[in-house]
Amino acid sequence: EDQVTQSPEALRLQEGESSSLNCSYTVSGLRGLFWYRQDPGKGPEFLFTLYSAGEEKEKERLKATLTKKESFLHITAPKPEDSATYLCAVHHDYKLSFGAGTTVTVRA
Amino acid sequence: DAGVIQSPRHEVTEMGQEVTLRCKPISGHDYLFWYRQTMMRGLELLIYFNNNVPIDDSGMPEDRFSAKMPNASFSTLKIQPSEPRDSAVYFCASRIAGDGEQFFGPGTRLTVL
């Protein structure tokens, strides 16, 4: 069965303390891996799409990488405004399957 | 563009009542998706449409749930009769053809008492 697993479930960081989130997947026919950010009470907001192993994308303090079995979201020198739940999703069969998310809390 | 629009934003109803959730996708988007999000199960796909036609409804939990898309700018998700276990946040999302990202609406928080 296709599966998307994110770890850790929660991450508490001090401002400036860099870290990484993991998304591992077992899916056939991958057509892309997506990262979304979700703030409380809001819908998921698109961050990145990665299509092939070795690909990297960056946006401000965030950098996403992809291998054949997992993706990492690196947060460099985070700020309190980076606090959110980060969701990864795999695109296959014209649908997205989401992981459970990693809730990141950044303390000033 | 205003993005994906959902209404109502909050709905509180009693068990057994009919609930209708509404969605207006981004203009020009060919695909529309309905999701449900709960703490226990995360974000689950319920059904999606392509050019107003339902393509995959395998995620619809049971016959009490139904969805329609009468035209390219409007879709509804109906629950009849509603039950307390239907309490969740329901999201609508849309995207253009191809492998691009989905754009999500703000969601409808449904509480069934």
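Calculation criteria
Residues numbered from 1 in each chain as written. Chains lettered and ligands numbered in written order. Predicted model: local features only at pLDDT ≥ 70, side-chain atom pairs only at ≥ 80, totals over all residues. Heavy atoms only, no water. Helix = DSSP H or I, 4+ residues; strand = E, 2+ residues; numbered from the N terminus. Rg over C-alpha atoms; globule rule 2.2 N^0.38 Å. Buried < 20%, exposed > 50% of the residue type's maximum accessible area, 1.4 Å probe, protein only. Contact = heavy atoms within 4.5 Å. Areas by Shrake-Rupley, 256 points an atom, 1.4 Å probe, with all protein chains shown as cover. Pairing = 2+ DSSP bridges. Axes fitted to C-alpha atoms, helices over the stretch in contact; angles between N-to-C directions. Buried area = accessible area lost by both parts, 1.4 Å probe. Salt bridge = Lys/Arg side-chain N within 4 Å of Asp/Glu carboxyl O. Polar contact = N/O pair within 3.5 Å; in protein donor to acceptor, adjacent residues only side chain to side chain. Nonpolar A, V, L, I, M, F, W, Y, C, P; charged D, E, K, R; others polar. Core = buried A, V, L, I, M, F, W, Y, C linked by side-chain atoms within 4.5 Å.

Novice: Hey, could you go over the overall build of chain B for me, with residue numbers and the actual values?
Specialist: What chain B contains, in helices and strands, is zero helices and 11 strands. Start at the N end of chain B and walk to the C end: the helices and strands fall as β-β-β-β-β-β-β-β-β-β-β. Computed over its C-alpha atoms, the radius of gyration of chain B comes to 13 Å, within 12% of the 13 Å expected for a compact globule of 113 residues. Dimensions of chain B, computed from C-alpha atoms along their principal axes, come out at roughly 40 × 25 × 25 Å. With 113 residues in all, chain B has 46% of them scored as buried. Within chain B, counting contacts between residues at least 6 apart in sequence, those at least 24 apart form 54% of the total. With an accessible surface of roughly 5600 Å², chain B has 51% of that area assigned to carbon and sulfur atoms.

Novice: Please give an account of the sheet that holds strand β8 (residues 70-75) of chain A that cites residues and values.
Specialist: Residues and elements named next belong to chain A. Judged by pairing direction, the sheet is antiparallel, and its five strands sit side by side in the order β1-β3-β8-β7-β6 without closing on themselves. In this open sheet, the two strands that pair with only one neighbour each are β1 (3-7) and β6 (56-59). Averaged over all pairs of adjacent strands, the angle between their axes in this sheet comes to 15°, without regard to strand direction. Relative to strand β7 (residues 62-66), β6 runs antiparallel, the two being bridged by four bridges. The residue bridging E58 from the neighbouring strand is K63, located in β7.

Novice: How would you summarise the interface of chain B and chain A if you had to cite specific residues and measurements?
Specialist: Contacts between the two partners involve 20 residues from chain B, matched on the other side by 17 residues from chain A. Summed over both partners, the interface of chain B with chain A buries about 1400 Å², with 53% contributed by carbon and sulfur atoms. Where chain B meets chain A, there are one salt bridge. Between K95(A) and D56(B) there is a salt bridge, and its shortest N-O distance comes to 2.9 Å. Seen at the junction of chain B and chain A, the total is three residue pairs in polar contact (both at pLDDT 80 or more). Of all the secondary-structure elements, those providing two or more residues to the side of chain B that touches chain A are β4 (31-38), β5 (42-50) and β9 (88-95) of chain B. Take the side of chain B that touches chain A: its biggest share by element is four residues, from β4(B). Split into classes, the residues belonging to the side of chain B that touches chain A amount to nine nonpolar, six polar and five charged.

Novice: I'd like to hear about the nonpolar core, residue by residue, with values.
Specialist: With 23 residues, the main nonpolar core has L21(A), W35(A), L73(A), Y86(A) and V104(A) as its most contacted residues. For this core, the elements supplying multiple residues, two or more each, are β2 (10-14), β3 (19-26), β4 (33-38), β5 (45-50), β7, β8, β9 (84-92) and β11 (102-107) of chain A. When residues of this core are assigned to their parent elements, the largest contribution, four residues, is made by β9(A). Membership of the second largest hydrophobic core comes to 21 residues, among which are M69(B), A88(B), C92(B) and L110(B).

Novice: Pulling in residues and values, what's your account of the pattern of salt bridges?
Specialist: Summed over the entire model, instances satisfying the criterion amount to 13 salt bridges over all chains. E55(A) serves as the salt-bridge partner of K57(A), at 3.6 Å between the closest nitrogen and oxygen. You can call K57(A) partly exposed: its relative accessible area is 30%. Ionic pairing is found between R61(A) and D82(A), a salt bridge with its closest N-O pair at 2.8 Å. Here the residue R61(A) occupies a position in the loop between β6 and β7, and D82(A) occupies one in the loop between β8 and β9, the gap between them amounting to 21 residues. One connected set of salt bridges, linked through shared partners, spans E62(B), R64(B), E83(B), R85(B) and D86(B).

What is shown is where atoms sit, not what they do.
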